[in-house]
Amino acid sequence: MNLLFKTLGYLFTLLFTTGAILQYNDPDTLVWVIIYAIAALVSLGFALNKIRFVIPLVIGLLAFAGFLYQYPSDFQGFDLNDGDITTVELGREAFGLLIISIVMLVFSFRIKRKL
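Residues numbered from 1 in each chain as written. Predicted model: local features only at pLDDT ≥ 70, side-chain atom pairs only at ≥ 80, totals over all residues. Heavy atoms only, no water.

### Considerations on the packing of helix H3 (residues 54-70) against helix H4 (residues 85-114)
Right, so step 1: One can describe the packing of H3 onto H4 by two numbers: an axis separation of 7 Å at closest approach and a directional angle of 155°. As summarised for this structure, H3 and H4 are arranged roughly antiparallel, according to the angle between their axes. Judged by the sense of rotation from one axis to the other, the crossing of H3 with H4 is left-handed.
Right, so step 2: Tallied by class, the residues present in the contact of H3 with H4 amount to 17 nonpolar, five polar and one charged. (Axes fitted to C-alpha atoms, helices over the stretch in contact; angles between N-to-C directions. Helix = DSSP H or I, 4+ residues; strand = E, 2+ residues; numbered from the N terminus. Parallel < 35°, antiparallel > 145°, perpendicular 65-115°, else oblique. Left-handed = near helix turned anticlockwise from the far one by under 90°. Nonpolar A, V, L, I, M, F, W, Y, C, P; charged D, E, K, R; others polar.)

So this is what it looks like as structure tokens:
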């Protein structure tokens, strides 16, 4: 595997693990810890070249569906001063899922391309 992609795998393992840890103060902590932990494990599997392309593909598609579901109809930004706290929280969660989706789909297509 190309050093760039291996590095990206380890980088996103670290970032998603950090994201899971930072969910301790979220109202629905367990759900988001699990989501970010799964993304971290898949990223690690990608970095170690131990994962088949279908796993990040399915997770990427599920995360994108979650983004579409979670995205608030009246998105007001990410800062609490931007608007209603509920809308801001939904926006943050939606874009977290979008990041997971993009990363997983890139990993999946990279694995598929190698085959």
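Following the structure, the description resumes.
### Examining helix H1 (residues 3-21)
Side chains three or four residues apart in an α-helix point the same way, a direct result of the helix having 3.6 residues per turn.
Right, so step 1: Between its terminal C-alpha atoms H1 stretches 27 Å, which fits the 27 Å expected from 19 residues at 1.5 Å a residue.
Right, so step 2: Three or more residues of H1 are buried, namely Phe-5, Gly-9, Phe-12, Thr-13, Phe-16, Gly-19 and Ala-20. The buried residues of H1 occupy one face: seen down the axis, they fall within an arc of 135°. Exposed residues on H1 whose side chains face more than 90 degrees from its buried face are Leu-3, Leu-4, Leu-14 and Ile-21.
Right, so step 3: Those residues of H1 hidden inside the fold are in contact with helix H2 (29-47) and H4.
Right, so step 4: Its side-chain oxygen placed 2.6 Å from the backbone nitrogen of Leu-4, Asn-2 serves as the N-cap of H1. (Expected span 1.5 Å × (residues − 1). Buried < 20%, exposed > 50% of the residue type's maximum accessible area, 1.4 Å probe, protein only. Arc of directions from axis to C-beta. Contact = heavy atoms within 4.5 Å. Polar contact = N/O pair within 3.5 Å; in protein donor to acceptor, adjacent residues only side chain to side chain.)

### A short note on the side chain of Thr-13
Right, so step 1: Its location among the elements puts Thr-13 in helix H1.
Right, so step 2: In this structure Thr-13 comes out as buried when scored by relative accessible area, which is 14%.
Right, so step 3: Here the side chain of Thr-13 touches Leu-44 through a polar contact of 3.0 Å, landing on its backbone nitrogen.
Right, so step 4: Setting aside its immediate chain neighbours within four residues, Thr-13 contacts Ala-40, Ser-43 and Leu-44.

### Points about unusual backbone geometry
Right, so step 1: At Asn-49, a residue that is not glycine, the phi angle is positive and equals roughly 60°.
Right, so step 2: One can find Asn-49 in the loop between H2 and H3.

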